[in-house]
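# Structure at a glance
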Amino acid sequence: MDYELGQLIDLSKFQNLFDLIYETTGIPSGLIDPNGNILTKAGWRDICTKFHRVNPKTRARCVDSDKSIFELFNEDKELTFRKCQNGLIDIGIPIIIKGKPLATLFQGQFFIEEPDLDFFANQGRQFGFDEVEYLKALKEIPIISQEKIKSIMSLLSHFASIMAEMGLKQLELIETNKRLLEQNEMIKENEKLKIDFFTNISHELRTPVNVIYSAIQVVNSNLGEGDNQKKTLKRYSHIIKQNCCRLIRLTNNLIDVTRIDANFIGLNPSECNIVEVVEDIVLSVAEFTKSKDIELIFDTEIEEKNIFCDVDKIERILLNLISNSIKFINGRGTINVNIFDREEYILISVKDTGIGIPREKHEAIFKRFIRGDELLARSTEGSGIGLSLCKAFVEMHGGEITLESEPGKGSEFRFTIPLDIKGKYNLNINKIEKQSRTNNIEKIAIEFSDIYKMHV
Ligand code: ADP
């Protein structure tokens, strides 16, 4: 945070104190900021106010002298009194808050012995001062004993440290307030997300239940209608199953989200041929994509690659990405699933010719409960959990998921699976057994339940 002394300390309250110091010591005093601006002053004499700080050249010397205190401090030189460029003496102690010098508290100007009148007469002439008036002003400058200077310095350093302490407390207060405000904003934002999420979820839960309910009603009213009975039962039982899948997917995802939050979910790695895992998933959804006029193309740089990964999670990532692609392709389109073999990881890409995603939403869609379209303008089903789960699953493997997309130009999601998850997670190979691969039909029924046709 950038700050100035005046923002941390009410300098007007110090004016009285400066006046009192001047009355007690008879030496002018003041506060000057690092750019040489005067913040507070007391008892300043004519030589400064009518001559040195008026003429641009001598003024420049004053400002230089004021600034030099900060340089002296930076060079870590011990501070004593010093002669300014205009020939007068002062003492200055910087007020430093969190390592940043904000002002110099100084007392001056004075002499420690009788001034050299010839030098000042010359100086007066050099800068075009009225000599009589200038020397008269010079006479007002007090001559202070070394003894007194010592006690003034001690007073000054106490004063400076009290001001620095006050400033620091105020700064900490300001920073704490700022942090609290930011946290408050975040809490409000999270709260809003939660409300949106629960509104969305209730909608999600209610719709399938409503459909199941109406389907059952229709089945009931059709019972007893002879030939049609079997046909109707079959049709509606399909709808019931479909909607059950949606509820199962939603609850599965909700459960995973909760388990991820509670750190309960971990990798269940096994050795597998990743090419086969990806290809199997693609093959098992091929028929469905075909029925939607979507071309699904699988390509791979490698024929076989045995790696350690959590097959179930990889499958869910893929199904999620592919189902999103299907969801966001309007009419005909293409989905490309590619596998690339990189030195330290496998890269899998799911690319579609769908509606695309505006740049400003790229980051947000990986956050939980965020959906690309407005809540009320629901053109597709979904709870906004899918991509956040994909990201969590990829990151559990130590990989990364990225997106390249532009509205109207389709989307490409790429994720990596590092080859060394065994070493990285210190997995015990003995415990990792090759898992038998289960039938994908159930998984797809669940993961694709958002996009399967559900209504009668
Ligand atoms: P949802 O279950 O709502 O689809 P996701 O987390 O899977 O939730 O996706 C979040 C949002 O990201 C979607 O609502 C959509 O707006 C956008 N999105 C995801 N994948 C794609 C895609 N392939 N094409 C266009 N938009 C997408």
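None of these values were measured; they are calculated from a predicted model.

## Quick word on the sheet that holds strand β5 (residues 100-110)
Read from one edge of the open sheet, five strands run β2-β1-β5-β4-β3, paired in antiparallel fashion. Two strands lie at the open edges of the sheet, namely β2 (38-42) and β3 (82-83), each paired on one side alone. Where strand β4 (residues 89-97) lies against β5, nine bridges are found, and the strand directions are antiparallel. Note on β5: the bridge partner recorded for I96 is P101. Packed onto the sheet, helix α2 (residues 15-25) meets β1 (29-32), β2 and β5 and runs at close to 40° relative to β2.

## Digging into the packing of aromatic side chains
All told, the structure shown has twelve aromatic pairs when counted by the stated rule. Relative to F106, the ring of W44 lies with its centre 5.8 Å away and its plane at 65°, an arrangement referred to as edge-to-face. With W44 in the loop between β2 and α3 (46-52) and F106 in strand β5, the pair connects residues that are 62 residues apart, well separated along the chain. Here F106 falls in the buried class, since its relative accessible area comes to 5%. Here the aromatic rings of F51 and Y134 are separated by 5.2 Å at their centres, their planes lie at 65°, and the arrangement is edge-to-face. One end of the pair, F51, is in helix α3; the other, Y134, is in helix α6 (residues 131-139), with 83 residues separating them in the sequence. The burial state of F51 is the same as that of Y134; both residues are buried. One Lys or Arg, K100, reaches over the ring of Y3 and ends 4.7 Å from the middle of that ring. Looking at K313, its charged tip hangs above the ring of F393, at a distance of 5.7 Å from the centre.

## Some thoughts on the pattern of salt bridges
Under the defined criterion, the tally for this structure stands at 16 salt bridges. When the shortest N-O distance is used, the salt bridge between E182 and K178 registers 3.9 Å. One end of the pair is E182 and the other is K178, both in helix α7 (residues 146-222) and four residues apart, which spans about a single turn. Through salt bridges that share partners, R249, D256, R316 and E447 make up one connected network.

## Focus on the packing of helix α8 (residues 228-261) against helix α13 (residues 440-447)
Two elements in contact, α8 and α13, have axes separated by 7 Å at closest approach and are oriented at 80°. If you check the angle between α8 and α13, you find them roughly perpendicular. Facing α8, whose interface residues are K241, Q242, C245, I248, R249 and N252, α13 presents E442, A445, I446 and E447. Grouping the amino acids of the contact of α8 with α13 by side-chain chemistry returns four nonpolar, two polar and four charged.

## Here we look at the confidence of the model for the chain
For the chain, the mean per-residue pLDDT works out to 84, and 87% of the residues sit at or above 70. Mean pLDDT values for the elements of the chain range from 67 in helix α12 (residues 421-424) up to 98 in strand β10 (residues 345-352). Low pLDDT (under 50) marks residues 374-379, which in the prediction has nine contacts with non-local residues, meaning those over four places away or in another chain. When the criterion is pLDDT under 50, residues 429-435 qualifies, and its contacts beyond four places in sequence or with other chains add up to twelve contacts.

## With respect to helix α5 (residues 117-126)
Residues of α5 that are buried include every one of F120, A121, Q123 and G124, and no others. Along the axis of α5, the buried residues cluster in a sector spanning 160°; they form a single face. In α5, those exposed residues whose orientation departs by more than 90 degrees from the buried face are D118 and Q126. For α5, the side-chain oxygen to backbone nitrogen distance between the N-cap and D118 is 3.1 Å, and the N-cap itself is D116. The positive-phi residue at the C-terminal boundary of α5 is G128, with phi of around 70°.

## Overview of the nonpolar core
Formed by 52 residues in total, the largest nonpolar core has its most connected members in I274, I314, I322, I335, F415 and F448. Each residue touching I335, except ones within four places of it in the same chain, is listed here: I294, E295, L296, I297, I322, S325, I326, I329, V350, K351 and D352. Counting 30 residues, the second-largest nonpolar core is a separate cluster that includes F14, I21, I149 and A164.

Calculation criteria
Residues numbered from 1 in each chain as written. Predicted model: local features only at pLDDT ≥ 70, side-chain atom pairs only at ≥ 80, totals over all residues. Heavy atoms only, no water. Pairing = 2+ DSSP bridges. Helix = DSSP H or I, 4+ residues; strand = E, 2+ residues; numbered from the N terminus. Contact = heavy atoms within 4.5 Å. Axes fitted to C-alpha atoms, helices over the stretch in contact; angles between N-to-C directions. Phe/Tyr/Trp six-rings, centres within 6.5 Å; stacked < 30°, edge-to-face > 60°. Buried < 20%, exposed > 50% of the residue type's maximum accessible area, 1.4 Å probe, protein only. Lys NZ or Arg CZ within 6 Å of the ring centre and 35° of its normal. Salt bridge = Lys/Arg side-chain N within 4 Å of Asp/Glu carboxyl O. Parallel < 35°, antiparallel > 145°, perpendicular 65-115°, else oblique. Nonpolar A, V, L, I, M, F, W, Y, C, P; charged D, E, K, R; others polar. pLDDT = per-residue confidence, 0-100. Arc of directions from axis to C-beta. Polar contact = N/O pair within 3.5 Å; in protein donor to acceptor, adjacent residues only side chain to side chain. Core = buried A, V, L, I, M, F, W, Y, C linked by side-chain atoms within 4.5 Å.

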